[in-house]
Amino acid sequence: MIGRRRFIAAASSGLLLGGCDRLNNSPGFRSVLRSAEGLNLRAQRLVSARDALAREYSEADMSPFFRSNGTAHPGTPEYARHLAENFANWRLVVDGLVARPLSIPLHVLKSIPHRVQITRHDCVEGWSAIGEWHGLELSRILEAAGLSTRAKYIVFHCADRFGDKPYYESIDLIDAFHPQTIMAWGMNGHLLPVPNGAPLRLRVERQLGYKHAKYVQRIQAVETLAGIHGGKGGYWEDNVDYEWYAGI
Ligand SMILES: Nc1nc2c(c(=O)[nH]1)N[C@H]1C(S)=C(S)[C@@H](COP(=O)(O)O)O[C@H]1N2
Ligand SMILES: [Mo]
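Caption draft 1: Broad picture of the layout of surface pockets. Considering only enclosed or pocket space, the second largest pocket measures out at about 320 Å³ in volume. Around the second largest pocket sit 24 residues that line it, and Asn 69, Gly 70, Tyr 167, Gly 209 and Lys 214 are the ones nearest its centre. When residues of the lining of the second largest pocket are traced back to their parent elements, those giving at least two are β3 (115–123) and β5 (153–162). Among the elements that take part in the lining of the second largest pocket, β5 stands out by supplying 3 residues, more than any other. When its residues are assigned to classes, the lining of the second largest pocket shows 11 nonpolar, 8 polar and 5 charged.

Put into structure tokens, the structure is as follows:
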């Protein structure tokens with residue numbers, strides 16, 4: 001999967017960024033980068049259906065240790081309170097472009113029959129790990145809320161700040177309704193540990209690690225990402241220019 005992604009990235013940058021030096025100096029460089037990203041998305045659509053399943057592994061393939069990355073503990077007084085209460089009062093708010101805004105108590109979400117999947121997590125920083133995830137399909141949550149036909153993106157708001165800014169992420173509806181996209185509350189046969197996003201995180205298996213929002217408190221359906229924090233759809237996209245589309 002990674003091999004193909006590299007190939008696509010190389011193909012699109014080769015096509016559009018061939019004259020790198022010249023482009024680096026041009027005022028349109030950023031917009032060229034953006035069109036390269038668009039091409040990456042279109043190329044991915046051509047070579048692989050975006051609704052194809054990510055590979056699922058067996059228990060024997062699971063990494064003995066699944067590391068944490070980014071925030072390992074949100075560290076706010078509010079989160080500390082939730083942790084002390086064993087997340088008994090954690091809720092998942094679902095709002096924005098939905099017919100029925102929801103505030104789902106975590107214990108209700110966990111009581112619904114769920115999906116279990118053993119998948120590989122790939123972080124752009126150069127590590128991968130295979131873990132087992134338990135969680136409810138995001139599609140079922142969105143169906144319960146009655147997604148508006150105007151909705152184009154699903155935004156995930158997290159309980160942590162990274163540096164001085166809130167962590168958030170977003171995906172399109174193809175990933176949102178992908179059968180392996182789940183709101184995970186369990187990992188490797190246990191409840192989700194704090195370093196891995198307790199009590200609720202996104203697993204969006206066809207995307208790189210930074211898209212998998214941890215500590216999720218709110219899901220918002222929107223028509224455009226403009227106006228949400230930096231407007232580029234995610235913490236890393238806003239602050240470090242990571243691609244919004246991080247398909248693998
Ligand atoms: N809320 C939140 N979600 C986050 C991050 C974070 O710092 N805060 N880091 C991201 C990155 S870069 C990766 S690789 C994965 C790491 O997941 P893990 O800690 O379970 O390994 O979470 C992603 N989701
Ligand atoms: Mo990452």
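Anyway, onward from the coordinates.
Caption draft 2: Representation of the sheet that holds strand β10 (residues 216–222) in the model. Here we have 5 strands laid out as an open sheet, ordered β2-β1-β10-β5-β6, and mixed in their pairing. In the strand order of this sheet, the two ends are held by β2 (102–105) and β6 (165–172), each with one partner. For this sheet, the mean inter-axis angle between neighbouring strands, taken without regard to orientation, is 20°. With 7 bridges joining them, β5 and β6 adopt antiparallel strand pairing. The residue bridging Phe 156 from the neighbouring strand is Glu 169, located in β6. Most of the contacts of helix α6 (residues 138–145) go to β2, to which it runs at about 135°, and overall it touches β1 (91–96), β2, β5, β6 and β10.

Caption draft 3: Summary view of the pattern of salt bridges. Applying the stated criterion to the full structure yields 11 salt bridges. With a closest N to O distance of 3.0 Å, Glu 205 and Arg 203 form a salt bridge. Taking the relative accessible area as the measure of exposure, Arg 203 reaches 0% and is therefore buried. Bridged by salt links that share partners, the residues Arg 50, Asp 172 and Asp 175 form one connected network.

Caption draft 4: Region of the structure containing the site of ligand 1. Around ligand 1, a shell composed of 22 residues is seen, among which Arg 67, Thr 71, Asp 160, Arg 201 and Lys 214 lie nearest. Interatomic distance of 2.8 Å between a side-chain N/O atom of Asn 196 and an oxygen atom of ligand 1. Against a free-state accessible area of 520 Å², the protein chains account for coverage of 99% of ligand 1. The site holding ligand 1 turns out to be the second largest pocket. Looking at the shell around ligand 1, the elements with two or more residues in it are β3 and β5. The residue inventory of the shell around ligand 1, partitioned by class, reads 10 nonpolar, 8 polar and 4 charged.

Caption draft 5: The side chain of His 121, seen in detail. Relative to the helices and strands, His 121 resides in strand β3. Setting aside chain neighbours within four positions, we find His 121 in contact with Phe 66, Trp 127, Ser 128, Ala 129, Arg 201, Arg 203, Gly 209 and His 212.

Caption draft 6: How the structure looks around unusual backbone geometry. Here the residue pair Ala 198 and Pro 199 is connected by a cis peptide bond, since its omega of 0° sits within 30 degrees of zero. On the secondary structure map, Pro 199 appears in the loop between β8 (190–191) and β9 (201–203). A positive phi is found at Tyr 215, a non-glycine position, where the angle reads about 55°. Positionally, Tyr 215 belongs in the loop between β9 and β10. The class of Tyr 215 is buried, set by a relative accessible area of 0%. Of note, the phi angle at Asp 241 is positive, near 65°, even though the residue is not glycine. As for its position among the elements, Asp 241 is in the segment after α8 (235–240).

Conventions we followed
Residues numbered from 1 in each chain as written. Chains lettered and ligands numbered in written order. Predicted model: local features only at pLDDT ≥ 70, side-chain atom pairs only at ≥ 80, totals over all residues. Heavy atoms only, no water. 1 Å grid on protein atoms, 1.4 Å probe; cavity = no way out; pocket = protein on both sides within 12 Å on 5 of 7 lines; lining within 4 Å. Points joined across faces, edges and corners; volume = space filled by probe spheres on them. Helix = DSSP H or I, 4+ residues; strand = E, 2+ residues; numbered from the N terminus. Nonpolar A, V, L, I, M, F, W, Y, C, P; charged D, E, K, R; others polar. Pairing = 2+ DSSP bridges. Axes fitted to C-alpha atoms, helices over the stretch in contact; angles between N-to-C directions. Contact = heavy atoms within 4.5 Å. Salt bridge = Lys/Arg side-chain N within 4 Å of Asp/Glu carboxyl O. Buried < 20%, exposed > 50% of the residue type's maximum accessible area, 1.4 Å probe, protein only. Near = heavy atom within 4 Å. Polar contact = N/O pair within 3.5 Å; in protein donor to acceptor, adjacent residues only side chain to side chain. Areas by Shrake-Rupley, 256 points an atom, 1.4 Å probe, with all protein chains shown as cover. Sits in = over half its atoms within 2 Å of the grid points.

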